Amino acid sequence: MSNKKLVDPRTQPVSRTGVAGPKFSDEDLYSLAERYGTPYFLVDEATLRKKVSEVESAFTDFKGKFRVAYSVKANFNPSVIKTFAGEGIMFDLTATSELHFVLRSGGSPASVMYTSITETEKEYEEVLALGVKKVVVASHNGLLNLTEAAGKTGREVQVMVRVNPEVHVHAELRGSMGHGKFGLQFNGGSEDSAFSVLRRILATPGLKFEGFHFHLGSQIEDPACYAEALERLEAFVLGARRQLGQFEVRTIDIGGGLPVSYGRKVPSPKEMASKIVGQLNSLAESMGGRFTLVAESGRFLTAESTVLVCRVVNIKSFGDAKYVYVDAGYNTLLDSALLRHEYPVEVVPGGRVSPQKTVLAGRLCDPLDVFPTSTRSRLAGAGVGKLVVFRDVGAYSIVMNMPFHSQPRPYVLMRTTQGPVRVIRKGQDVDALFAEEGGDLLAD
Ligand SMILES: *Cc1c(COP(=O)(O)O)cnc(C)c1O
């Protein structure tokens, strides 16, 4: 079932919306719908690879080494991880279970930056024993746990310090300003400051200070916050050296946040990078040596690769509006409800534009389950039986699928660079869902 050639990547697309991203022909979308049912996700492998090279080429003017790290939380599908492992990039992980996914999907422990929120001794022991070298700490307690784990496992650790530069970020999801959950303040009286943690790392045998990490947020469309964060980091490093003596900074990781178009105009990685690359080069000079620059990305690397295909199953008129009901809901695209995030949508095949307003409603019995749409969406011609395609859904959606309303998990398919479409996650049927939800434990 999985390897039959269904989609010819050379098929000319029917021109639809102006959005970027892979093109799939109407014919292929319909034949996959017949075969696997709707809704289904369809990932384009070539787009995943193209996104990696877009980020890599964005930083070519940086004079030191540059590495891209994939933030696995955006989409931990093993075939997606394997694709990125094949590109030779790094992985940004937050959980031991993510490490197992990466190692079993072809990634190597040497390519991992482990950035935990929980920072327990047990997890550090596990990741060090599995061969991870680079660990990012973000609390005094976390550093103590890492020190213990390093002692027990006898492994050398390259420790990064996660700072919270407390800069203002214009973005959908902020990780810095007013958000103390992530990272350490530079200074401050407590042991939970970057200065205090750095001093301790430098004084601890078995720990090797590697560099600094910050993560400012997601879908950042204005690079000014990176520039400000780097300025603060530079001042901090120069100040800390005056007090602690010379120490080398081998890596600076500027976190994630590269924006995805979602049908709008947003800066490309090249445009984002061009605003900070000069500063990064002078930072290397002022710190007296080149460092490896790491940029992490989950959203940018995965979003555009994937479409969600669902079917119109009902329609009605209500006042002036036409309600169009599809067989997907926020159980498959959680951020459409959680963040009122708009994915570009199109009806396939489209039809004549009518003056009547179209409301795109999901299949859940919940008033929140109405998809945000705007002029970026093409809803003309929606009728029962037609397909509706949500674009740019590859990040933070498949991983948040849930069975609300007893909805079985949809199929996830991948159009490979060789052409054939493969199943990369099996869909569930109702029997499987019933068993997983406890049906198999019913006493008879
Ligand atoms: C989530 C996360 C990322 C990825 O952010 P994107 O907006 O998807 O690029 C990078 N680094 C850290 C530490 C994260 O938590």
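Position numbers for residues start from 1 in each chain and track the written sequence from start to end. Selection of residues for local features in this predicted model requires a pLDDT of at least 70, selection of side-chain atom pairs for listing and counting requires 80 or more, and totals for whole chains, interfaces and linings are taken over all residues. Hydrogens and water are ignored here; the side-chain numbers use all heavy atoms of the structure.

Peer 1: Can you break down the layout of surface pockets residue by residue, with the values?
Peer 2: For the second largest pocket, the calculated volume is near 320 Å³. Here the term cavity refers to a set of points on a 1 Å grid, laid over the protein atoms alone, in which a 1.4 Å probe fits but cannot get out; the term pocket refers to an open set having protein on both sides within 12 Å along at least five of seven lines, with lining residues being those that place an atom within 4 Å of a point. Surrounding the second largest pocket, 19 residues form its lining, Gln356, Lys357, Thr358, Leu379 and Ala380 being those nearest its centre. It is strand S15 (residues 357–361) that contributes the most residues to the lining of the second largest pocket, four residues altogether. Considering only residue class, the lining of the second largest pocket consists of eight nonpolar, eight polar and three charged. Grid points are joined across faces, edges and corners, and a volume is the space filled by probe spheres set on the points. In this description a helix means any DSSP run of H or I spanning at least four residues, a strand means any run of E spanning at least two, and both kinds are numbered starting from the N terminus. Three residue categories are used. Nonpolar comprises Ala, Val, Leu, Ile, Met, Phe, Trp, Tyr, Cys and Pro, charged comprises Asp, Glu, Lys and Arg, and polar comprises the others, including Gly.

Peer 1: Break down helix H3 (residues 78–86) for me, citing the residues and quoting the values.
Peer 2: Each residue gets one of three labels from its accessible area relative to the maximum for its type: buried under 20%, exposed over 50%, partly exposed in between, using a 1.4 Å probe on protein chains only. Every buried residue of H3 is accounted for by Ser79, Val80, Ile81, Thr83, Phe84 and Ala85. Positive backbone phi, approximately 75 degrees, marks Gly88, located one or two places after H3.

Peer 1: Can you break down the side chain of Asn331 residue by residue, with the values?
Peer 2: If you trace the backbone, Asn331 turns up in the loop between strand S13 (321–326) and helix H12 (335–338). The class for Asn331 is buried, based on a relative accessible area of 5%. With residues up to four places along the chain from it excluded, the contact list for Asn331 reads Leu364, Met400, Asn401, Met402, Phe404 and Gln407. It only takes one pair of heavy atoms within 4.5 Å for two residues to be counted as in contact.

Peer 1: Can you explain unusual backbone geometry? Please cite residues and give values.
Peer 2: Each neighbour pair has its own omega, and for Thr38 with Pro39 the value is -5 degrees, a cis peptide bond. Relative to the assigned elements, Pro39 resides in the loop between helix H1 (26–36) and strand S1 (40–44). With an omega dihedral of -5 degrees, the bond running from Val348 to Pro349 counts as a cis peptide bond. Inspection of the secondary structure puts Pro349 in the loop between strand S14 (345–348) and S15. With a phi angle near 55 degrees, Glu119 is a residue other than glycine that sits in the positive phi range. Structurally, Glu119 is set in the loop between strand S4 (112–115) and helix H5 (121–129).

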